[in-house]
Every structure is written in C-alpha cells, then in structure tokens.
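Topology and contacts: notes
Single-letter residue listing:
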Amino acid sequence: RPKLLVGGLTKTLEAAFDEKGEMGGVVSTWAIYERTKTEHSVGLLLLEMILNSWVVTWLYHTHHGAQQSPWGGMTIKKAALLDLKLPKAIFEFLDKRENINSKPQNMSKPAMHTELLCDRLTQLALTLNEDRKRGSIGSVYATDRQAQPLLAELYGISNEEFEAISDW
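Residues numbered from 1 in each chain as written. Predicted model: local features only at pLDDT ≥ 70, side-chain atom pairs only at ≥ 80, totals over all residues. Heavy atoms only, no water.

On to the packing of helix α2 (residues 54–64) against helix α7 (residues 159–167). Put simply, α2 and α7 touch, their axes get as near as 10 Å, and they point 80 degrees apart. With respect to α7, the element α2 is oriented roughly perpendicular. On α7, the residues touching Trp54, Val55 and Trp58 of α2 are Phe162, Ile165 and Ser166. Of the residues contributing to the contact of α2 with α7, the split by class is five nonpolar, one polar and no charged. (Axes fitted to C-alpha atoms, helices over the stretch in contact; angles between N-to-C directions. Helix = DSSP H or I, 4+ residues; strand = E, 2+ residues; numbered from the N terminus. Parallel < 35°, antiparallel > 145°, perpendicular 65-115°, else oblique. Contact = heavy atoms within 4.5 Å. Nonpolar A, V, L, I, M, F, W, Y, C, P; charged D, E, K, R; others polar.)

So, in structure tokens, the structure goes:
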C-alpha cells in the first residue's frame, strides 16, 4: 500500500513516497502509512514534502542532532520522528478539501492566507510527484525550490531565518 520510507541514518531527513507499495526499507528505515486513505495519497505527498524540507531537517538537527555520527549523519529515531512538530494547518486543509461542504464562507485574512498557502503546497506536492513519475529530475528540483520558502512560511519562519537555514 502507499507509504513513505524515511532514512534512518542521514545528514538530512530523507523521505521517499512509494505510491504503489513496491519499495521496502532496509537497515534503519522507517515506514509511514496513512491511517485513512485520502485522494491520491495527497497526505503522504505533503508529509514527504514537509519531511524533506530544509526547515524540518534544521528543526530535527537542532533538537536531536546530538545523536550524530562522526561523519555528521544523524540517527533518525522513532521517538524523535513522533516528536516532530508538523504544521497542523496543512492537515486541517486536507480535511476540508475532502469534504467540499465544510469550506468556511467568511474567513479572516490570516486564515485565508494560510488556506491559499496550503493549497499552493498541495499543488506543488502533486506536481513534484508528476515530475518524478516522468523522470524529470530538473523539474523535481525546481518544484522543490518553489516549495521550500512556502514550507518555511507555514512554520512561521521569517525570511531572515529561512536564509540562514538554507545557507546551513
């Protein structure tokens, strides 16, 4: 079934989407499955994008980086993965997207901005997956570069902080 595979020893968090359930992990690999099926596994695609973001690697390294190997790789532990702070707004957006009638009519500006941000990230996650299926690596990287600052914004990271994280 569809899943994410997350590397267990790596310098940056690395997640790979397995749409058909054909891949398997080997030594120190975590598998993440959806509890409920969503349209085209969009939830897993978004989680893959989030876990692969520079911000989440930086957050993981900041909180759990003490578990590094001499070459700089981090041991990715289950408890630390479960401790990661994920942007609640993106998953609330997916719930609304699943139920067309639940979309609020009178949203405040910050809520509207967040919804537009989540919609754009959803589009980028779907585009990234299509780029990957076509084997267009250049397009995958270009789509990822578009998503990185949006993911940072979703986490409430300022432009200055994002520049420092991207340089890191």
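On we go.
Left-over empty space is what a probe sized like a water molecule reveals as it rolls over the atoms. Of the pockets and cavities examined, the largest pocket occupies roughly 630 Å³. Taken together, 27 residues make up the lining of the largest pocket; nearest its centre are Ala15, Glu48, Asn52, Leu128 and Arg132. Those elements giving two or more residues to the lining of the largest pocket turn out to be β1 (3–7), β3 (15–18), α1 (42–51), α2, α5 (109–134), α6 (137–154) and α7. By residue number, the principal contributor to the lining of the largest pocket is α5, which donates five residues. (1 Å grid on protein atoms, 1.4 Å probe; cavity = no way out; pocket = protein on both sides within 12 Å on 5 of 7 lines; lining within 4 Å. Points joined across faces, edges and corners; volume = space filled by probe spheres on them.)

The subject of this paragraph is the nonpolar core. Among the nonpolar cores identified, the biggest contains 39 residues, and Leu51, Val55 and Leu121 are the most heavily contacted of them. No other element matches α1, which puts eight residues into this core. Beyond its immediate sequence surroundings of up to four residues, valine 55 is in contact with Ala152, Tyr155, Ile157, Phe162 and Ile165. (Core = buried A, V, L, I, M, F, W, Y, C linked by side-chain atoms within 4.5 Å. Buried < 20%, exposed > 50% of the residue type's maximum accessible area, 1.4 Å probe, protein only.)

It is worth spelling out the pairing of β1 at this point. The buried count for β1 comes to four of five residues, which makes it a mostly enclosed element. As judged from the four bridges shared by β1 and β3, these two strands associate in the antiparallel manner. Residue pairing in the sheet places leucine 4 in a bridge with phenylalanine 17 of β3. As judged from the four bridges shared by β1 and strand β4 (residues 29–32), these two strands associate in the antiparallel manner. Residue leucine 4 lies in a different strand from β4, and its bridge partner there is isoleucine 32. (Pairing = 2+ DSSP bridges.)

Right, let's talk about the side chain of histidine 64 for a bit. Summarising the element assignment, histidine 64 is placed in helix α2. Using a relative accessible area of 16% as the deciding quantity, one classes histidine 64 as buried.

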